[in-house]
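The lines below spell out each chain.
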Amino acid sequence: MQRRHVLFLLPALLSCWQAAAEPVALVADRVIDGVGNKARINTVVVIDGERIIAVGDRSAIPAGAKVIQLPGQTLMPGFINCHEHPLMYGDDYQNAHLQASSAYKALMGLAALQRQLLAGWTTIRVMGDADVYYANQDIRKTIDKGVFIGPRLTGAGHYLSITGGGGDVNYFSPEQRVIADGLVVDGPEEIRKAIREEIKYGSDWIKLLVTGAYQSVGDDPRNVAFSPEELQAAVSEANRHNVPVAAHAHATEGIKQAVAAGVRSIEHGTFIDDEGIKMMAAKGTFLVPTIYIGDYYKEGDKLRAQDKQDEYATHGRGKFLAAVGRAHKQGVKIAVGVDLGGYMTPPVVFVREMAVLVEAGLTPMEAIQAGTRVGAELLRWDDRLGTVQSGKLADLVAVTGNPLDDMKALEHVTFVMIGGRVVKSPGGGTTLAGILAQPR
Ligand SMILES: [Zn+2]
């Protein structure tokens, strides 16, 4: 009886797979390809399987292709968020870390990642996650296997912090021994061991809290945490395994020490000076400024360390934006990192990081490229992602209107495709979990 049912269903299943195998042509009003200075009009994008096979005029549409019309829309590469913490599910993230299991964080994180995908974020670099174990690596494995639909993930299981640093829990009595949200390591030996473990369990980036942080309790973003010797040990250990290092750094000297040690990216960079900018431009170090998070947490009492955030909003923001503008002018590569965390944050606001880069001095086109092509370069995935070009993976987003005229348009995502699979479309709603699992 059961076998008869399967045989009966087989033709239907086969036709379903055949339907998915036909080429797809996307016809939008304009295409921002991530490379050119202007949007392209009268341009169609053709996808076969998981890749883009043609970008051209209507004559590029193959016979038998499924045509998806996107009137009034701008089509562009899927957004790349180079700084995120998907498992952080509460604003008061250090306390939230202490109150939830790794499994709970994984479930909330998966939901957050799927919501972020539907908001256009097709690739996310995890910068440590306030989790004792490696739940973000498990999410990544299940997405890669096709068990769940989610963004492409890369990044670090944990952030490495000194004792008393931004990744330590600094508001308990000395008698209390809790497992901190970061990996607390001191000295080159402990750093090397921690890096080896990170890589062993799947991290393909190493994240260092080189200076104090803004949202943690009991440390100062103006102070440098790791010593130059510790930084050199970290970078040499990671690079021996072909794993790049991302350096969280606010303090002026911390930024320079991290750049000198050879990190691939500076995260935040709040107090960067002109010498630091020069060093980054000369070495090709990327800057991931994460500006909008400061605006998001500007007021209210969401954070345990709200006082640091308020001080930044009053005295730091203007200077920081000016410095990001100068860095951009001097040739430092700026990539988009959002840093707003997971389930507690509405994903629609994440694109405001691109809008605020315009305030810092990038053109709208440059800001969009920071969130697409430049991000792919930082991740070393620019051979397959970040632009709308033939041969690239078909990670594509469409928004209503023209973001080059008004960056608010980025908040109106109507269409999302990842690896050739449509997960959101104007008429068709969304597809998330609940796919017919064909584990890869
Ligand atoms: Zn962060």
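### Structural notes on the overall build of the protein chain
Line of reasoning, step 1. A tally of regular secondary structure across the protein chain gives 13 helices and 18 strands.
Line of reasoning, step 2. Compactness check: the protein chain gives a C-alpha radius of gyration of 22 Å against a globular reference of 22 Å for 440 residues, within 12% of the reference.
Line of reasoning, step 3. Partitioning the intrachain contacts of the protein chain with sequence separation of at least 6 by distance along the chain shows that 67% fall at a separation of at least 24.

### Some remarks on the sheet that holds strand β14 (residues 286-288)
Line of reasoning, step 1. The parallel open sheet is built from six strands, whose spatial order is β10-β9-β11-β12-β13-β14. The open sheet is flanked by β10 (183-184) and β14, the only strands paired with a single partner.
Line of reasoning, step 2. Sheet analysis places strand β9 (residues 159-161) next to β10, joined by two bridges and oriented parallel. Residue pairing in the sheet places Leu160 in a bridge with Leu183 of β10.

### Section: the confidence of the model for the protein chain
Line of reasoning, step 1. In the predicted model, the protein chain carries a mean pLDDT of 93, and the fraction of residues at 70 or more is 93%.
Line of reasoning, step 2. This model gives residues 1-19 a pLDDT under 50, and the stretch forms zero contacts once residues within four places in sequence are excluded.
Line of reasoning, step 3. The model gives residues 433-440 a pLDDT under 50, and that stretch makes eleven contacts with residues more than four places away or in other chains.

### A closer look at the packing of helix α7 (residues 252-261) against helix α8 (residues 274-283)
Line of reasoning, step 1. Contact geometry for α7 and α8: axes closest at 9 Å, N-to-C directions at 20°. Classified by the angle between their axes, α7 and α8 sit roughly parallel to one another. Helix-helix and strand crossings are classified by hand; for α7 and α8 the assignment is left-handed. Residues Thr252, Ile255, Lys256 and Val259 of α7 pack against Glu275, Gly276, Met279, Met280 and Lys283 of α8.
Line of reasoning, step 2. Looking at the contact of α7 with α8, its residues break down into four nonpolar, two polar and three charged.

### Structural notes on the pairing of strand β17 (residues 421-425)
Line of reasoning, step 1. The pairing of strand β16 (residues 413-418) with β17 spans three bridges and is classified as antiparallel. Looking at the pairing, Met417 lines up with Val422 of β17.
Line of reasoning, step 2. Taken together, β16 and the strand that follows it, β17, pair antiparallel across an intervening segment of two residues, in which Gly419 is found at a positive phi of about 55°.

### Notes on the environment of Glu189
Line of reasoning, step 1. On the secondary structure map, Glu189 appears in helix α5 (residues 187-200).
Line of reasoning, step 2. Given 11 C-beta atoms within 10 Å, Glu189 falls into the exposed group.
Line of reasoning, step 3. Along the chain, Glu189 and Ala234 lie 45 residues apart, while their C-alpha atoms are 9.5 Å from each other.

Rules used throughout
Residues numbered from 1 in each chain as written. Predicted model: local features only at pLDDT ≥ 70, side-chain atom pairs only at ≥ 80, totals over all residues. Helix = DSSP H or I, 4+ residues; strand = E, 2+ residues; numbered from the N terminus. Rg over C-alpha atoms; globule rule 2.2 N^0.38 Å. Contact = placed C-beta atoms within 7 Å. Pairing = 2+ DSSP bridges. pLDDT = per-residue confidence, 0-100. Axes fitted to C-alpha atoms, helices over the stretch in contact; angles between N-to-C directions. Parallel < 35°, antiparallel > 145°, perpendicular 65-115°, else oblique. Left-handed = near helix turned anticlockwise from the far one by under 90°. Nonpolar A, V, L, I, M, F, W, Y, C, P; charged D, E, K, R; others polar. Buried ≥ 20, exposed ≤ 12 C-beta atoms within 10 Å, placed from the backbone.

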